[in-house]
Amino acid sequence: MHKNNHRIHSEQVTKATEAALARRGVTIKEIAELVHEMQKPYNVGLTLEHCIKSVERVLRKREVQHAVLVGVELDELAEKKMLSEPLQSIIENDEGLFGVDETIALGAVFTYGSIAVTTFGHLDKKKIGIIEKLDTKAGNGIHTFLDDLVSSIAACAAARIAHTMRDLEEEDETFLDVPPSALGPDDKPENNI
Ligand code: MG
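Residues numbered from 1 in each chain as written. Predicted model: local features only at pLDDT ≥ 70, side-chain atom pairs only at ≥ 80, totals over all residues.

One finds Val 35, Ile 153 and Cys 156 to be the most contacted residues of the largest nonpolar core, which totals 46 residues. Breaking this core down by element, the ones donating at least two residues are helix H1 (10-23), helix H2 (28-39), helix H3 (48-58), helix H4 (62-79), helix H6 (100-109), helix H7 (113-126), helix H8 (129-133) and helix H9 (146-170). Tallying contributions element by element places H9 first for this core, with twelve residues. Leaving out residues up to four positions away in the same chain, Cys 156 has contacts with Val 58, Val 64, Ala 108, Val 109, Tyr 112 and Ala 116. (Core = buried A, V, L, I, M, F, W, Y, C linked by C-beta atoms within 7 Å. Buried ≥ 20, exposed ≤ 12 C-beta atoms within 10 Å, placed from the backbone. Helix = DSSP H or I, 4+ residues; strand = E, 2+ residues; numbered from the N terminus. Contact = placed C-beta atoms within 7 Å.)

Written out as structure tokens, the structure is:
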């Protein structure tokens, strides 16, 4: 038996992740706005552009990409009524005790450390901005997984900003000294913070 050499190229996974979010009506800018709102009070000179670059960087991370692909797929299958019962009804109704939506999103958050985890919890409770718009119970489509995924991406991007801020403080600098492009994606997939 030959080993399966048809490995999926990371660029393909990145594109699929971006396409999944776009298809579900979520823009990088909207996620970045959550990050900006949360981090602005603590970070002198932090702009929306810095936050957009941080979100773009988070979206290059494999754990995050895989979580987005799994979650969005399940939301879409539920909208098409293609899941078997009782899972179809549980996801369709965003059943309060389900919890797998949070668990998948939280898995992606762990790689960004404790600040990301607590920020994720904060967003899960507060449901601000785009997250509030995505509430399945508000009746516009099924976003049982998507709201948690967006919280996860925003929490990771906010944690990156907080860690960058500490590095800047140690150099007697602020975000005023950092061009947004310095926080943006490299050519390679992101494997570190
Ligand atoms: Mg949810």
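So that's the structure; there's more coming.
With that settled, consider the packing of H3 against H9. The interhelical angle for the contact between H3 and H9, taken along N-to-C directions, is 115 degrees, at an axis separation of 9 Å. Seen along the crossing, H3 lies across H9 with a hand that is right-handed. Listed contacts from H9 to Cys 51, Ser 54, Val 55, Arg 57 and Val 58 of H3 are Ile 153, Cys 156, Ala 157, Arg 160 and Ile 161. (Axes fitted to C-alpha atoms, helices over the stretch in contact; angles between N-to-C directions. Left-handed = near helix turned anticlockwise from the far one by under 90°.)

Attention shifts here to unusual backbone geometry. Following Glu 85, the chain continues into Pro 86 via a peptide bond in cis, with omega recorded as 10 degrees. Counting through the fold element by element, Pro 86 comes out in the loop between H4 and helix H5 (87-92). With phi around 50 degrees, Asp 94 is a residue other than glycine that occupies positive phi space. Note that Asp 94 resides in the loop between H5 and H6. In this model, Asp 172 sits at a positive phi of 60 degrees, which is unusual for a non-glycine residue. Looking at where Asp 172 falls in the secondary structure, it is placed in the segment after H9.

This brings us to H2. The end-to-end C-alpha distance of H2 is 16 Å, a good match for the 16 Å that twelve residues give at a rise of 1.5 Å each. Residues of H2 that are buried include every one of Ile 31, Ala 32, Leu 34, Val 35, His 36, Met 38 and Gln 39, and no others. (Expected span 1.5 Å × (residues − 1).)

If you check H7, its first and last C-alpha atoms are 20 Å apart, about what 14 residues at 1.5 Å a residue would give, namely 20 Å. All of the buried residues in H7 are Ala 116, Thr 119, Phe 120 and Leu 123. For H7, the buried positions fall inside an angular range of 110 degrees around the axis, keeping them on one side. With respect to the buried face of H7, the exposed residues turned more than 90 degrees away are Ser 114 and Lys 125. Tucked into the core, H7 has its buried residues touching H2, H6, H8 and H9. At the exit of H7 stands Lys 127, carrying a positive phi of roughly 45 degrees. (Arc of directions from axis to C-beta.)

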